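Residues per chain are reported as follows:
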Amino acid sequence: MDNALRDPEAFGEVIDHHKSMVYSLAYHFFGNRAVAEDVAQDVYLELYKNLERIESDLHLTFWLRQAVTRRCIDYTRRLKHRRYQPLDEVVEPGVETSPWDPLLAETLRKKVRSLPKKMRMVIILRFQEDMKLSEIAEALDMPLNTVKTTLRRALFRLRDKAPELKGEMLYGAGRI
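Residues numbered from 1 in each chain as written. Predicted model: local features only at pLDDT ≥ 70, side-chain atom pairs only at ≥ 80, totals over all residues. Heavy atoms only, no water.

A. Structural view of the pattern of salt bridges. Under the counting rule described, the total for this entry stands at seven salt bridges. For Arg109, the salt bridge is made with Glu106, and the minimal N-O distance between the two is 3.4 Å. Linking Arg109 with Glu106, this pair stays in helix H5 (residues 102-113), spanning three residues, or about one helical turn. Three or more residues joined by partner-sharing salt bridges are found here, namely Glu106, Arg109 and Arg113. (Salt bridge = Lys/Arg side-chain N within 4 Å of Asp/Glu carboxyl O. Helix = DSSP H or I, 4+ residues; strand = E, 2+ residues; numbered from the N terminus.)

This is the structure:
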């Protein structure tokens, strides 16, 4: 870690090691490649400013997850104050396809994106990042029971919004 402060190549290696996690969290939260890249860039800038505070690789991973989560929520708050007409959602080329039904997967992604921001982040951390509920509670700085309640309510909302989705799709091998 100390090396990354003095050597730009060492900092680049830190970014390379964690870039897929940072981008993945942001992308699955927004479903937009450009916004995910902007969020990731902001997180890396914040990391560079706070690098001397990072104690270990485990602490770095925790810090990055928390920073991405907060940055995503902050970004959605800023979007509320802007008036714009979003373009139709288009499946981006190069997105990894799942072994299960891609139309069903896209339907699920849209439903997850329609959830309130805290519910959305809990769903993404639980099913995309495969984090334990206690890890999610720590990353979001929420009580464990609040995370459990938020997850349960989010799953009920998803079931209500998409009756064609079966419960096993939420817990299956596929990712959100």
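Following the structure, the description resumes.
B. Layout of the packing of helix H6 (residues 117-128) against helix H7 (residues 133-140). Packing of H6 against H7 brings their axes to within 10 Å, and their N-to-C directions diverge by 135°. Our classification of the angle between H6 and H7 gives oblique. Both H6 and H7 take part in a crossing whose hand is right-handed. Between H6 and H7, the contacting residues are Met121, Val122, Leu125 and Arg126 on the first element and Leu133, Ile136 and Leu140 on the second. A breakdown of the residues in the contact of H6 with H7 according to their chemical character gives six nonpolar, no polar and one charged. (Axes fitted to C-alpha atoms, helices over the stretch in contact; angles between N-to-C directions. Parallel < 35°, antiparallel > 145°, perpendicular 65-115°, else oblique. Left-handed = near helix turned anticlockwise from the far one by under 90°. Contact = heavy atoms within 4.5 Å. Nonpolar A, V, L, I, M, F, W, Y, C, P; charged D, E, K, R; others polar.)

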